[in-house]
Amino acid sequence: MTQMAIPRPSLPRGSNNGTHNRPRFNNPPRAVHNRSLLDQLPSFSRQEACDLCDANAFRLLSQRDRDGRPLDTVICEQCGLVCHAELPDPIGLTAYYQTAYRQQYHGQRAPRPHRVIRAWKAGRHYLKLLRPFLPAGGHLCEVGAGLGANVQAFSEAGFRAWGLEPGYDYASYARNVLRADVRLGQLDDLPPNECLDVVLLIHVIEHLRSPRAALHRIRGALRPWGLLYIECPDLSTPHSAPHRCFHPAHIYDFTSETLTRLALRCGFRVVHSFRSDAHVSVLLQRSDEQEPDQVGGGAARTLQGLNRFSR
Ligand SMILES: [Zn+2]
């Protein structure tokens, strides 16, 4: 999706303690020898450790967003997680999604008809995709529910479905127009008492300051056998080839591997990975099994995926 006609989202920035040498290129070169490619990228240091593996050694992957505007993106040398070099201020980020995000990202505060129709179709899609895996009539919450079409689809299918949406305008539209049970709120407003059967996190995790903290929070809201569906852009697909990725509102750029490893680390197991040309699409289940940490070599694999489809 091109964003050329839309004002550039301006995330609130935290203090930038990063230092790096300026590279001579804006996007990764087209090398496929990934260890040497990693070595070619300039080192980058910052206060915050990697959200996935806690390492604190990064390389500067890109200095431009998908529209050619300045945006520093780094890759963790150990696990290969890709994220903005500078993490946003958490309080400012919350305020941004309450008020400014929809206007800046979609060019509108309330959804236009074509967006409502698209969301409605998406709700049917997710219901069809996930229903075979879910407990009939289960207690389901979507975090980042948007205008409520997914919540409405699952509710009409008999689920006890509701959603949390941080944006004032979309939450209001969901309640007042679509009559969906969407409440103004965010991840921290999930019930903490292990009462949910299912959580949906669809095109949300890439916007969060700490996906790891988010998954821990969701785990605490799920019953011991509870399910979590996550969908987000896949950095290693053709859709996200280097000249088309690095969106200013996407703090993290996941591959299937980095998202799965994060989930395993946060106490989930993979139930099913769905085929998708553009997205990581995975159903997880809360698990008490401790997965071995295997993050080494992840950076080379992320770069391999990123460069597979480069021009
Ligand atoms: Zn890492």
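Residues numbered from 1 in each chain as written. Predicted model: local features only at pLDDT ≥ 70, side-chain atom pairs only at ≥ 80, totals over all residues.

1. Quick look at the overall build of the protein chain
For the protein chain, the helix and strand inventory stands at eight helices and 13 strands. Relative to its 311 residues, the protein chain shows a buried fraction of 44%. Counted over contacts in the protein chain with a minimum sequence separation of 6, partners at least 24 positions apart contribute 68%. (Helix = DSSP H or I, 4+ residues; strand = E, 2+ residues; numbered from the N terminus. Buried ≥ 20, exposed ≤ 12 C-beta atoms within 10 Å, placed from the backbone. Contact = placed C-beta atoms within 7 Å.)

2. Overview of the confidence of the model for the protein chain
Per-residue confidence for the protein chain gives a mean pLDDT of 84; residues scoring 70 or more make up 81%. Confidence drops under pLDDT 50 across residues 1-9; counting only partners more than four residues distant or on other chains, this segment forms 11 contacts. A low-confidence stretch, residues 15-32 (pLDDT under 50), is modelled with 40 contacts involving residues beyond four sequence positions or located in other chains. (pLDDT = per-residue confidence, 0-100.)

3. A short note on the packing of helix α3 (residues 113-130) against helix α4 (residues 149-156)
Following both chains from N to C, one finds α3 and α4 inclined at 45°, their axes separated by 8 Å at the closest point. Judged by the angle between their axes, α3 and α4 are oblique. Crossing handedness for the pair α3 and α4: right-handed. Here α3 contributes Ala119, Trp120, Ala122, Gly123, Arg124, Tyr126 and Leu127 to the contact with α4, which in turn contributes Ala149, Asn150, Gln152, Ala153 and Phe154. Residues that form the contact of α3 with α4 fall into these classes: eight nonpolar, three polar and one charged. (Axes fitted to C-alpha atoms, helices over the stretch in contact; angles between N-to-C directions. Parallel < 35°, antiparallel > 145°, perpendicular 65-115°, else oblique. Left-handed = near helix turned anticlockwise from the far one by under 90°. Nonpolar A, V, L, I, M, F, W, Y, C, P; charged D, E, K, R; others polar.)

4. Observations regarding the nonpolar core
Judged by nonpolar contacts, the single largest core of 76 residues is most densely connected at Cys76, Val199, Leu201, Leu228 and Ile230. Aside from chain neighbours lying at most four places away, what touches Leu228 is Val199, Leu201, Ile218, Leu222, Phe268 and Leu284. (Core = buried A, V, L, I, M, F, W, Y, C linked by C-beta atoms within 7 Å.)

5. Focus on the sheet that holds strand β9 (residues 196-202)
Here we have seven strands laid out as an open sheet, ordered β8-β7-β6-β9-β10-β13-β12, and mixed in their pairing. Since the sheet does not close on itself, it has two edges, and those belong to β8 (182-184) and β12 (268-273), each with one partner. Neighbour-to-neighbour, the strand axes of the sheet open up by a mean angle of 25°, direction not taken into account. Two strands pair when backbone bridges link them, and strand β7 (residues 160-165) and β8 are joined in this way by three bridges, in the parallel orientation. Along β8, the bridge assignment pairs Leu164 with Arg183. Sitting on the sheet, helix α5 (residues 168-176) touches β7 and β8, and the angle it makes with β8 is about 150°. (Pairing = 2+ DSSP bridges.)

6. Observations regarding unusual backbone geometry
The backbone of Asp54 sits at a positive phi, close to 75°, despite the residue not being glycine. Of note, Asp54 is situated in the loop between β2 (43-45) and β3 (58-64). On the neighbour-count criterion, Asp54 (14 C-beta atoms within 10 Å) is partly exposed. Phi at His203 is positive, roughly 55°, even though this residue is not glycine. By secondary structure assignment, the location of His203 is in the loop between β9 and α6 (211-221). Take His203: there are 15 C-beta atoms within 10 Å of it, and that puts it in the partly exposed class.

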